[in-house]
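# Examining the three-dimensional arrangement
Spelled out from the first residue to the last, the chains are:
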Amino acid sequence: MKTSYFFISVFVLSLFSQLAMAVEESDFVKSLVPGPFILPSPEGTWTWCMAPIYDEAGKVHVFNSIIPLKGGNWKTKSKISHWVADKPEGPYTLLGDVFASDEASYHNPQISKVGDTFVLVFLLNRHSDENGSKQEVGIATAKSLMGPWTESPHNPILKATKRNGQHASNPTLVVAPDGQYRIYHKTMIKKDGENLREISLATSDNLEGPYIVSDTSPVITYADKGIDIEDPYAFFYDGMYYMIVEDRQGVKNMLEGEQEEKPLRGGYRPGLIFQSKDGVDWGTPMVGYQTNKSYFGHELARSERPHILWKDGEPDYLFLACHDEDPTAGYILKIKDWKGETVK
């Protein structure tokens, strides 16, 4: 009888070890080489998020959020500003504001180029309108990085609704191989009294919208485990979709069978990278980037808002916002010889 109990115990332990598998390090995270901290905050402000793009002359343009230290917060006083440098490491020159308003907050931009058109997607909070202060998604286009920028007449292209938990923010735009425009974005769901973040998908045949939320949304959620993720950066590369996200509450630990009882919220842990053949089924993530402590030996701080600087269709640098004591927006990591992940 004791022998039977022994074999049953071994079987159960083996089963659990198979269910709780180690989250692999991606080839992407192995390719990252630490670079400098960039974009010092103008006096009286703090900066956040860095959306980079090369121009035809090889200069680096960065669009980011600038928020006053006093007299408001990012929900009401954030503006999107424009910087330029000769190289990713800087130094950067502040060119001015792209979107700033007393009626709305413009925050967390992503920049891309579609054909001959530059596209900014961003968090839009029209806090003074009848809708109240709700996070929604806006889009703007321009034929030059120097503007003028024109907001879509459909803005907000993704509204706060009952379906998305009255929340749509942190957009990332991807052009699918069939030409469809996809915007992955953060939405909310309430579980056991707590608002949890999920990643949803909206699509359109027109760049400026209107966008329709996919019936498959949310496409990534861990709400059933009581934890969440956010800050998606999605892209299509070498026949596969990828999404880099902030592991806000320990998804990696949960998948490895070590779920934190009261997880510290925010980007205090390594980020994740997902891979997908269709951009809908994202499967199990891998480690996508490490922390500021891992790269620089600094006191652990939040590393969030991943963005890739692309050069001739190849990923060149990863930009990460860092909420530390340093008066810069964050740091960059050289992406060295990454050619995509092995197909799972």
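Residues numbered from 1 in each chain as written. Predicted model: local features only at pLDDT ≥ 70, side-chain atom pairs only at ≥ 80, totals over all residues. Heavy atoms only, no water.

Quick look at the sheet that holds strand 13 (residues 212-213) now. Pairing is antiparallel in the open sheet, where 4 strands are placed in the order 10-11-12-13. Only two strands of the sheet have a single neighbouring strand rather than two, namely strand 10 (169-175) and strand 13. Pairing of strand 11 (residues 181-191) with strand 12 (residues 194-204) involves 11 bridges; the strand directions are antiparallel. The residue of strand 12 that forms the bridge with Tyr181 is Ser204. (Pairing = 2+ DSSP bridges. Helix = DSSP H or I, 4+ residues; strand = E, 2+ residues; numbered from the N terminus.)

Okay, the layout of surface pockets next. Of the volumes computed, that of the largest pocket is approximately 660 Å³. In terms of lining, the largest pocket is formed by 26 residues, of which the most central are Ile53, Ile111, Ser112, Lys113 and Trp310. When residues in the lining of the largest pocket are grouped by element, the largest group, 5 residues, is from strand 6 (residues 105-114). When its residues are assigned to classes, the lining of the largest pocket shows 16 nonpolar, 5 polar and 5 charged. (1 Å grid on protein atoms, 1.4 Å probe; cavity = no way out; pocket = protein on both sides within 12 Å on 5 of 7 lines; lining within 4 Å. Points joined across faces, edges and corners; volume = space filled by probe spheres on them. Nonpolar A, V, L, I, M, F, W, Y, C, P; charged D, E, K, R; others polar.)

Within a sheet, each strand pairs with its neighbour through backbone hydrogen bonds, oriented either parallel or antiparallel. A sheet is described by the order of its strands in space; here 4 strands give the open sequence 14-15-16-17, paired in antiparallel fashion. The open sheet is flanked by strand 14 (230-237) and strand 17 (286-289), the only strands paired with a single partner. Each strand axis lies, on average, 35° off the axis of its neighbour in the sheet, ignoring direction. The pairing of strand 15 (residues 240-246) with strand 16 (residues 271-276) spans 5 bridges and is classified as antiparallel. In the strand pairing of strand 16, Val245 is matched with Leu272. (Axes fitted to C-alpha atoms, helices over the stretch in contact; angles between N-to-C directions.)

With that settled, the discussion passes to the nonpolar core. Judged by nonpolar contacts, the single largest core of 24 residues is most densely connected at Phe28, Leu32, Phe235, Ile244, Ile308 and Leu318. Of all the secondary structure elements, the ones that give two or more residues to this core are helix 2 (27-30), strand 14, strand 15, strand 17, strand 19 (314-323) and strand 20 (328-335). Dropping the residues within four chain positions of it, Ile308 is found in contact with Phe28, Pro52, Tyr233, Phe235, Ile244, Pro315, Asp316, Tyr317, Leu318 and Ile335. One finds Tyr184, Ile199, Ala234 and Tyr241 within the second-largest nonpolar core, a separate group that totals 19 residues. (Core = buried A, V, L, I, M, F, W, Y, C linked by side-chain atoms within 4.5 Å. Buried < 20%, exposed > 50% of the residue type's maximum accessible area, 1.4 Å probe, protein only. Contact = heavy atoms within 4.5 Å.)

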